[in-house]
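Per-entry structural report
These are the residues of each chain, in order.
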Amino acid sequence: MQIFTDPRAFQLACRALRRSATGEEQPLGLVPTMGALHAGHMSLVAASRARDAVTAASIFVNPLQFGPREDLATYPRRWEQDVAQLEAAGVALLFAPTPETMYPPGFTTAVEVTGLSERLCGASRPGHFRGVATVVLKLFLLAAPQRAYFGQKDAAQVAVLRRMVRDLNLDIEIVVQPIVREADGLAMSSRNAYLSAAERPAALGLSRTLRAIEAAYAGGERDPQRLLAVGDAVVTATPGLRLDYLAAVDADSLAPVACAGPNTLFAIAAFVGKTRLIDNWLVS
Ligand code: AMP
């Protein structure tokens, strides 16, 4: 696995590997991450390895997508384990820039997917999706992948990036992989490392809330307000869980739905102590 910190060197290496030995274009898949890798991240790598001739990954804790009072400084960093995992999984190129190389002095450009960026996490984390869209467009322009892999875990991020790809005519397929969970149902997240053993039962409230909504939906309920009330009741009954939002929205526009049905996204964000966790259920 070749490792790059310099954007231009990474760009040239991707360009070289996108050409096969016979000079033909071959598919390159990109897996952007913030590191502290777990099975959720590795499912994206595996999906790319199954389809693309070349898999590139990035590890970058992107300062642009963190608010001033968020966990940028304490975000888990596990460089050696991450490199070993990516290497073992057959990743050919790893891009791990520094904030200074990604955003040199004078950097002022931003990508704003207006409308979508103010919804769900964008409402509670102003500027978050602008930071995400900006860094992902940079990664897309550097790697020029045929496909880029993202997790359903960050459903709003998927909606924002799909819109960006469509609006800017990017010739990149966004591939979305299912949420990978711990055995107890907790969605895997690098931030789960913040949870103490005592906080873990409260963290399970997120997936329990979604399962309750799913059960009510399976029972025939389609009124989003009544479905959300079922979820709210679980949140309220879970000590130590402080709700940020619980919403029923269209998975593409992220706008609230009048009636739940296929492509309705039930999304939850909640705090357990200082740790902010997200989860969702997409009606298929
Ligand atoms: P992050 O490192 O948190 O920025 O995540 C990098 C990518 O991994 C994003 O596309 C996430 O949606 C995806 N991801 C994170 N957690 C999971 C999970 N539990 N299951 C599937 N994908 C995930």
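Below is a summary of the structure that appears in this document. On a predicted model such as this, the values are computed, not experimentally measured, just so you know. The residue numbers shown here count from 1 along each chain, following its written sequence. Per-residue local features of the predicted model are confined to residues with pLDDT of at least 70, and side-chain atom pairs are confined, for both listing and counting, to 80 or more; whole-chain, interface and lining totals are unaffected and use all residues. To obtain the side-chain values, all non-hydrogen atoms of the structure were included, while hydrogens and water were left out.

1. Describing the overall build of the protein chain
Where helices and strands are cited, they refer to DSSP runs of H or I of at least four residues and of E of at least two residues respectively, numbered from the N terminus. On a plain count of helices and strands, the protein chain comes out with nine helices and nine strands. Radius of gyration: over C-alpha atoms. The globule rule applied is 2.2 Å multiplied by the number of residues raised to the 0.38 power. The C-alpha radius of gyration of the protein chain comes to 19 Å, within 12% of the 19 Å expected for a compact globule of 284 residues. Dimensions of the protein chain, computed from the C-alpha atoms along their principal axes, are close to 60 × 40 × 35 Å. Here the contacts in the protein chain between residues at least 6 apart in sequence split such that 71% fall between residues at least 24 apart. Contact criterion: two residues are considered in contact whenever any of their non-hydrogen atoms come within 4.5 Å of each other.

2. Focus: the sheet that holds strand β9 (residues 275–282)
By definition, two strands form a pair when at least two bridges between them are found by DSSP. Taken together, three strands build an open sheet; the order of strands is β7-β8-β9 and the sheet is antiparallel. Since the sheet does not close on itself, it has two edges, and those belong to β7 (241–250) and β9, each with one partner. Taking the axes of each pair of neighbouring strands and ignoring which way they run, one obtains an average angle of 15° across the sheet. One ladder, built from eight bridges, connects strand β8 (residues 264–272) with β9; its direction is antiparallel. By the bridge assignment for β9, Ala-267 is matched with Asn-280. Orientation is described by axes fitted as lines to C-alpha atoms, over the contacting stretch for helices, and by angles from 0 to 180 degrees between their N-to-C directions. Of the strands in this sheet, β7 and β8 are in contact with helix α9 (residues 224–236), which crosses β7 at around 160°.

3. Description of the packing of aromatic side chains
For any pair of aromatic rings, geometry is given as the distance between the ring centres together with the angle between the planes. Aromatic rings from Phe, Tyr and Trp, taking only the six-membered ring of Trp, are treated as a pair when their centres fall within 6.5 Å; an angle between ring planes under 30 degrees marks them as stacked, one over 60 as edge-to-face, and anything in between as tilted. In the structure shown here, the tally under the stated rule is eight aromatic pairs. Centroid distance Phe-60 to Tyr-103: 6.0 Å. Interplanar angle 50°. Geometry classified as tilted. With a gap of 43 residues between them, Phe-60 in the loop between β3 (54–59) and α3 (79–88) and Tyr-103 in the loop between α4 (99–102) and α5 (121–124) connect regions that are remote in the sequence. The burial state of Phe-60 is the same as that of Tyr-103; both residues are buried. On the numbers, 5.9 Å between centres and 80° between planes, the contact of Phe-66 with Tyr-75 is edge-to-face. Tyr-75 carries the same exposure label as Phe-66, and that label is buried. One aromatic cluster in this structure is built from Phe-4, Phe-10 and Phe-95. Across from the ring centre of Tyr-217, 3.6 Å away, lies the NZ or CZ of Arg-222, which sits over that ring. Exposure is judged per residue with a 1.4 Å probe applied to protein chains only, and the accessible area is read against the type maximum: over 50% gives exposed, under 20% gives buried, and values in between give partly exposed. The rule is short: NZ of Lys or CZ of Arg within 6 Å of the ring centre and within 35 degrees of the ring normal puts a charge over the ring.

4. Observations concerning the sheet that holds strand β4 (residues 93–95)
Here six strands make up an open sheet; going across it, the order is β1-β4-β3-β2-β5-β6 and the pairing parallel. Every interior strand has two partners, whereas the edge strands, β1 (2–4) and β6 (173–177), have only one. Sheet twist, expressed as the average angle between the axes of neighbouring strands with direction ignored, equals 25°. For strand β2 (residues 28–33) and β3, the ladder comprises six bridges, and the chain directions are parallel. The partner of Leu-28 across the bridge, within β3, is Val-54.

5. Section: the packing of helix α6 (residues 128–143) against helix α7 (residues 155–167)
One can describe the packing of α6 onto α7 by two numbers: an axis separation of 10 Å at closest approach and a directional angle of 55°. By the angle between their directions, the pair α6 and α7 is classed as oblique. Note that α6 runs across α7; the crossing there is right-handed. Across from Phe-129, Val-132, Ala-133, Val-136, Leu-137 and Phe-140 in α6, the residues of α7 making contact are Ala-156, Gln-157, Val-160, Leu-161, Met-164 and Val-165. Under the scheme applied, nonpolar residues are Ala, Val, Leu, Ile, Met, Phe, Trp, Tyr, Cys and Pro; charged residues are Asp, Glu, Lys and Arg; polar residues are all the others, including Gly. The class makeup of the residues in the contact of α6 with α7 is eleven nonpolar, one polar and no charged. Orientation categories follow fixed angle ranges, with anything under 35 degrees roughly parallel, anything over 145 roughly antiparallel, 65 to 115 roughly perpendicular, and all other angles oblique. Take the far helix as your reference; a near helix turned counterclockwise from it by less than a right angle gives a left-handed crossing, and one turned clockwise gives a right-handed crossing.

6. With respect to the site of the ligand
The ligand sits among 17 residues. The nearest are Met-34, His-41, Asp-154, Val-180 and Met-188. Any pair of N or O atoms that falls within 3.5 Å is considered a polar contact. Within protein, one atom must be able to donate a hydrogen and the other to accept it, and sequence-neighbouring residues count only if both atoms are side-chain atoms. Note that a nitrogen atom of the ligand is positioned 2.9 Å from one of the backbone N or O atoms of Val-180. Per-residue accessibility takes into account occlusion by the displayed protein chains alone, with areas from the Shrake-Rupley method and a 1.4 Å probe. Within the complex, the protein chains bury 92% of what would otherwise be the 490 Å² of accessible surface of the ligand. The dominant element in the shell around the ligand, judged by the number of residues it contributes, is helix α2 (residues 39–51), at three residues. Distances are taken per atom, and a residue is near a molecule or strand as soon as one of its heavy atoms is within 4 Å of it.

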